[in-house]
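Fold and contact review
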Amino acid sequence: MDGKGRAIDNIYIERFRRTLKQRYIYLNPAEDGLELFKGIQQFMDRYNNRRHQGIGRVTP
């Protein structure tokens, strides 16, 4: 990240937001903010602790 406001600076967070929306938010519409918050917490826990496809399936 070079801090100059370029599009490549935000690519990682934008990609994660896209994944979050496509895999959780659009598929599980929430009734209220608390339900959405708890659902996103559960999604992020699964996302951060998922199995990887690399050598030996170890986390990077």
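The structure contained in this document is the topic of the report that follows. Predicted model only: the values in this text are computed from it and were never measured. (Residues numbered from 1 in each chain as written. Predicted model: local features only at pLDDT ≥ 70, side-chain atom pairs only at ≥ 80, totals over all residues. Heavy atoms only, no water.)

1. What about helix α2 (residues 33–48)?
To be explicit about the condition: Helix and strand definitions here come from DSSP, where helices need a minimum of 4 consecutive H or I residues and strands a minimum of 2 consecutive E residues; each element is numbered from the N-terminal end. To estimate the expected span of a helix, subtract one from its residue number and multiply by 1.5 Å. Throughout, exposure labels follow a simple rule: accessible area from a 1.4 Å probe, protein chains only, divided by the maximum for the residue type, with under 20% read as buried, over 50% as exposed, and the rest as partly exposed. Comment: arc refers to directions from the helix axis out to C-beta atoms. It only takes one pair of heavy atoms within 4.5 Å for two residues to be counted as in contact.
Compared with the 22 Å implied by 1.5 Å per residue over 16 residues, the 22 Å span of α2 between its first and last C-alpha is a close match. The complete set of buried residues in α2 reads Gly39, Ile40 and Phe43. Down the axis of α2, the buried set is contained in an arc of 100 degrees. They therefore lie on one face. Those residues of α2 that are exposed and aimed more than 90 degrees away from the buried face are Leu34 and Gln42. For α2, the secondary structure elements touched by its buried residues are α1 (11–25).

2. Looking at the environment of Phe16
On the secondary structure map, Phe16 appears in helix α1. Its relative accessible area of 18% is what places Phe16 among the buried residues. In contact with Phe16, not counting residues within four places along its chain, are Met44 and Tyr47.

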